[in-house]
Amino acid sequence: MRSHSRLTMPHTVPRRWPPARAWFVLGLILVALRSPAAAQITDGQQIPTPEEAEEILRTQPQLVDRLRERMLQSGLTPDQVRSRLRAAGYPEALLDAYLKGADTTQAATVGPRTLDAVRALGVLSDAEADSLRITDSTLVVSDSIRALLDSLRFLKADSLRADSLADSLAVLRGAGLKLFGIETFRRSSTRFQPVQAGPVDQNYRLGPGDVVVLILTGDVERSHTLDVTREGFVVIPQVGQVFVANLTLGQLEDQLYARLGRVYSGVRRGAGASTRFQLSIARLRSIQVFVAGDVVRPGAYQISGAGTVLTALYAAGGPTVAGSFRTVQIRRGSALVDSVDLYEYLLRGSNPTDVRLQSGDVVFVPVHGGFASVSGEVLRPAIYELRPAETLRDAIAYAGGFDPSAAEARVTIHRILPPASRGVAGRARVVVAVGADQFTAGIAPAVPMAPGDSVTVYRVAGRQRGYVTVRGNVWVEGEVGHTAGMKLSDALRLAGGPKPDVYLGRILVTRMREDSSYVQLRSAFADSTGRLRNDLALEDEDEIRVFSRTGFLPERYVAVVGAVRRPGRVPYREGMTVRDVVLLADGLTEDAQLQAEVARLPDSRPPGTLAETVRVPLDSTFLFGRPATGAAADEPPTAGDTPLQAYDNVLVLREGDWSRQRTIVLSGQVKSPGRYSLKFKTERLADVIERAGGLTKDAYAGGIQFYRSYVGTRPTGSDQLEPVLVTTPKPLDTLPRGLPERVGIDLPRVLEDRDFRDNLILTAGDSIHIPEYNPIVLVQGAVNSPGPVAYTPGKNLDWYVDAAGGYTQEADNRHPYVTQPNGEREGVKRRAVLADKVPRPGAGAVVFVATRTAQETASNISSIVSTAAQLLGALVTIIVVARR
């Protein structure tokens with residue numbers, strides 16, 4: 001049963017403006033611009049209030065471009081536009097955003113309702129309207145402004161009808177199926193608009209409103225445009241009045257031979273005629289038809305005189321989910337003219353009826369006669385309307401027939417029994433199985449269908465048969481087709497045969513038994529040509545495994561480390577030398593010695609011996625990219641061509657004292673700040689400050705900021721080396737990679753005594769900044785008013801916390817600390833007996849109060865008192881006992 005919950009929604013639901021209201025407002029505003037008084041006349045309809053119009057224009061951006069264009073073309077000045085809007089009852093600033101000079105970047109989509117209304121008002125010409133028309137049939141209403149105004153009364157009903165339609169579709173699409181044909185009359189890319197001029201078929205009958213063109217040629221050359229009057233006559237000059245109502249063009253032609261022959265003697269039938277005439281339709285009349293029943297938008301519609309039942313249905317949006325697609329009725333007066341089956345049009349593309357609609361005809365869509373869904377392996381799964389006498393064969397045919405993957409012998413029908421057949425046990429649903437013996441040449445049987453049936457066509461079994469699988473050391477691995485009597489040699493031949501390095505000793509064949517257990521069979525190659533010692537007979541789904549001798553060999557390598565650009569492992573090759581592995585490692589680094597040490601496994605391994613080492617001299621030819629000088633330039637490259645063995649470890653020695661320049665940064669209040677290179681490995685802080693000319697008079701030595709980067713160390717004892725091809729070259733500079741950490745330095749003491757411990761030895765990457773004097777102490781953390789506090793000499797940390805509003809409730813007042821301006825950190829020590837040790841911040845220091853953790857939260861006072869009382873009682877007892 002369909003839900004109508006949306007129809008009973010309270011009127012407190014937020015108001016949404018349908019598109020038709022927006023088009024109406026545009027039309028009214030355009031009328032107001034042409035004539036303010038005209039906007040007040042709307043055939044008795046209530047125009048939107050100024051607030052409603054402003055809201056519609058704000059929420060309908062598709063109106064902007066069209067409205068702005070009409071403003072520019074109207075020739076009205078902004079003042080004139082405002083005055084006419086004011087006279088029409090709208091805010092005078094309503095259209096300021098659409099006048100000349102406004103933003104034109106907003107996109108517009110002009111709907112057909114807008115075009116119909118504006119064209120009816122005379123603002124747009126027919127050509128302009130046709131050029132802007134969009135093809136959304138769901139928005140099409142009457143071609144007159146009267147129909148547009150009248151439709152305002154039904155906007156709420158239309159909205160509720162659309163909501164009910166959406167609910168019904170949601171129910172039908174619960175299984176992912178759609179109602180067949182439901183979208184045909186609603187697609188935005190479809191608008192069925194019959195021609196208004198041009199040739200018509202022989203069955204078209206003339207009527208009032210048609211325009212006929214009569215052309216005379218031969219002895220008389222004349223052309224007459226003839227309007228069919230309301231009484232059904234046309235008036236031909238010199239001939240008179242001719243009755244043409246309800247005549248086809250052929251019948252009218254027969255009458256004109258007699259009537260024209262009285263005036264023009266050359267008009268006659270046959271080859272002897274000296275004057276001939278021709279008839280054509282210049283413009284078709286418009287007729288009014290009524291669409292009723294279960295359609296999306298029932299009502300009266302103006303359509304072309306050549307329109308058919310399809311024309312009316314497209315205009316009304318087509319049947320709803322409750323409407324019938326199989327028995328659309330055409331009624332003329334009280335008589336049933338024809339009953340149309342839309343499946344003829346939807347499935348075969350043929351015109352379902354030859355009946356031409358006449359003015360006053362009613363197209364009625366009754367309630368459907370029952371649906372049946374067809375799902376599974378068919379070409380067009382959907383929900384179809386079936387007539388009472390139609391069967392399973394018809395339903396499968398409507399669905400396009402079986403898909404190639406369909407199991408035609410596996411079709412079921414889920415059926416809801418009628419109340420009379422359900423019995424007393426509540427047996428309301430049954431499953432009807434269609435047997436394989438009922439199918440003939442893939443054609444479904446004529447099993448009777450009932451409303452609500454659900455047909456499911458199942459897929460063939462997913463298990464693949466008729467193949468064997470060949471894997472391993474063959475040229476083309478994969479599945480090959482299995483045939484009766486197939487041998488192992490046949491499958492190997494289809495797989496391209498074995499590769500040259502094939503292992504001859506064994507071929508494994510895995511076979512699955514009927515109980516799904518596996519058995520292992522084996523064979524072997526007689527030679528590398530693929531000849532077998534035992535050519536096994538294969539069965540369906542056997543798996544063949546061919547092995548390679550290369551896969552059994554160990555992965556041999558040579559390790560190269562030390563002063564090379566890409567240390568790591570190199571695959572070992574017979575005849576490989578030291579020079580070869582250095583080349584594969586991208587050559588030597590700049591700190592390399594011309595000497596290498598080769599460590600290899602001993603031939604005989606006495607207890608405790610791990611390796612034997614050999615020193616190999618290298619020559620200047622190993623320094624690739626550097627010109628060789630002296631006697632070395634004339635030497636053949638023989639040094640270092642020592643042959644290697646598998647698992648050798650080649651260590652290219654480094655120059656111990658070699659390094660690149662080490663730089664540090666000295667900034668702030670020094671006479672010559674900049675990036676300095678260290679002269680010695682033991683150069684200290686005071687030495688660099690002296691090289692920079694010393695401190696300036698504004699320098700605050702006590703606030704020195706000294707940063708040093710620390711890098712995590714790599715674990716030792718690891719013998720794992722990555723292959724050369726995937727190693728990443730390490731940077732060759734001496735700048736450490738890591739996070740800078742501040743180091744506390746007592747610079748005034750260092751400048752006085754160079755032997756003081758804070759006169760550190762500098763290293764690459766150090767950053768030293770000498771600031772100016774900063775008379776502020778910054779208080780941060782769990783204080784009531786964190787921020788800067790003016791420095792007061794001699795005051796301790798607690799004084800500055802009080803100056804910042806004191807501790808918060810969550811503050812850890814036992815563990816605050818201060819970072820002195822020189823980077824040193826000092827914490828508070830609270831003592832139970834002696835005085836607390838509280839540091840005194842200097843100018844530029846930072847005081848931080850941490851937040852107390854859950855474990856540090858003060859315990860309940862009552863529990864503390866109880867514990868203290870117990871301890872006191874125990875102490876008194878001990879004293880009393882001791883005195884006795």
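Bear in mind that the values here come from a model prediction, so they are computed numbers and not experimental data.

Asker: Explain helix α9 (residues 249–263) here, please?
Answerer: One turn of the α-helix equals 3.6 residues, which is why residues spaced by three or four share an orientation. With 15 residues, α9 extends 21 Å from end C-alpha to end C-alpha; this agrees with the ideal 21 Å at 1.5 Å per step. At L256, α9 is deflected by roughly 30°, the largest bend along its length. Packed against the buried residues of α9 are β1 (211–218), β3 (233–236), β4 (240–243) and β5 (275–283).

Asker: Looking at this model, I keep getting lost on the confidence of the model for the protein. Mind explaining?
Answerer: Should pLDDT be low for a region, the predicted coordinates there are not to be read in detail. Residues at a pLDDT of 70 or more form 72% of the protein, whose mean pLDDT is 77. Across residues 1–24, confidence stays below pLDDT 50; counting only partners more than four residues off in sequence or on other chains, it has 36 contacts. Here residues 31–46 is modelled with pLDDT under 50, and outside its nearest four sequence neighbours on either side it reaches 30 contacts, counting other chains as well.

Asker: Can you help me understand the sheet that holds strand β10 (residues 362–365) in this one?
Answerer: Within a sheet, neighbouring strands are paired by backbone hydrogen bonds and run either parallel or antiparallel to one another. A sheet is described by the order of its strands in space; here 5 strands give the open sequence β7-β6-β10-β8-β9, paired in mixed fashion. The open sheet is flanked by β7 (299–304) and β9 (335–340), the only strands paired with a single partner. Shown here is a sheet whose adjacent strand axes are inclined to one another by a mean of 30°, direction ignored. Bridge count for strand β6 (residues 286–293) against β10 is 4 bridges, and the pairing is parallel. In the strand pairing of β10, V291 is matched with V363.

Asker: Sorry, what's going on with the nonpolar core here?
Answerer: As a rule of thumb, soluble globular proteins bury nonpolar side chains together. Counting 54 residues, the largest nonpolar core has L313, L392 and I396 as its most contacted members. Broken down by element, this core gets its largest block of residues, 6 residues, from helix α10 (residues 309–315). L313 has contacts with F185, V295, G318, V328, L342, V363 and V365, leaving out every residue within four places of it along the chain. Counting 24 residues, the second-largest nonpolar core is a separate cluster that includes L216, L260, F277 and L279.

Asker: What's the story with the packing of aromatic side chains in this structure? I'm lost.
Answerer: Each aromatic ring pair is described using two quantities: the centre-to-centre distance and the angle formed by the ring planes. Applying the stated criterion across every chain, the model contains 14 aromatic pairs. Ring plane angle 85° and centroid distance 5.3 Å describe the contact between F180 and Y343, whose orientation is recorded as edge-to-face. Note that F180 is positioned in the loop between α8 (155–172) and β1 and Y343 in helix α11 (residues 343–348), a separation of 163 residues in sequence. For the residue pair F180 and Y343, the accessibility class agrees, reading buried in each case. Put simply, the rings of F180, Y343, Y384 and Y398 touch in pairs and so form one group of aromatic residues. R410 extends its terminal NZ or CZ atom over the ring of Y458, reaching a point 4.1 Å from the ring centre.

Asker: Teacher, can you tell me more about the side chain of Q820 here?
Answerer: Structurally, Q820 is set in the loop between β33 (817–819) and β34 (825–827). For Q820, a relative accessible area of 9% translates into the label buried. Among the polar contacts made by the side chain of Q820, one reaches the main-chain amide nitrogen of G842 at a distance of 2.9 Å. Ignoring anything within four residues of it in the chain, the contact list for Q820 reads R742, E826, R840, P841, G842 and A845.

What counts and how
Residues numbered from 1 in each chain as written. Predicted model: local features only at pLDDT ≥ 70, side-chain atom pairs only at ≥ 80, totals over all residues. Heavy atoms only, no water. Helix = DSSP H or I, 4+ residues; strand = E, 2+ residues; numbered from the N terminus. Expected span 1.5 Å × (residues − 1). Bend = angle between axes of the 7 residues up to and from the residue. Contact = heavy atoms within 4.5 Å. pLDDT = per-residue confidence, 0-100. Pairing = 2+ DSSP bridges. Axes fitted to C-alpha atoms, helices over the stretch in contact; angles between N-to-C directions. Core = buried A, V, L, I, M, F, W, Y, C linked by side-chain atoms within 4.5 Å. Buried < 20%, exposed > 50% of the residue type's maximum accessible area, 1.4 Å probe, protein only. Phe/Tyr/Trp six-rings, centres within 6.5 Å; stacked < 30°, edge-to-face > 60°. Lys NZ or Arg CZ within 6 Å of the ring centre and 35° of its normal. Polar contact = N/O pair within 3.5 Å; in protein donor to acceptor, adjacent residues only side chain to side chain.

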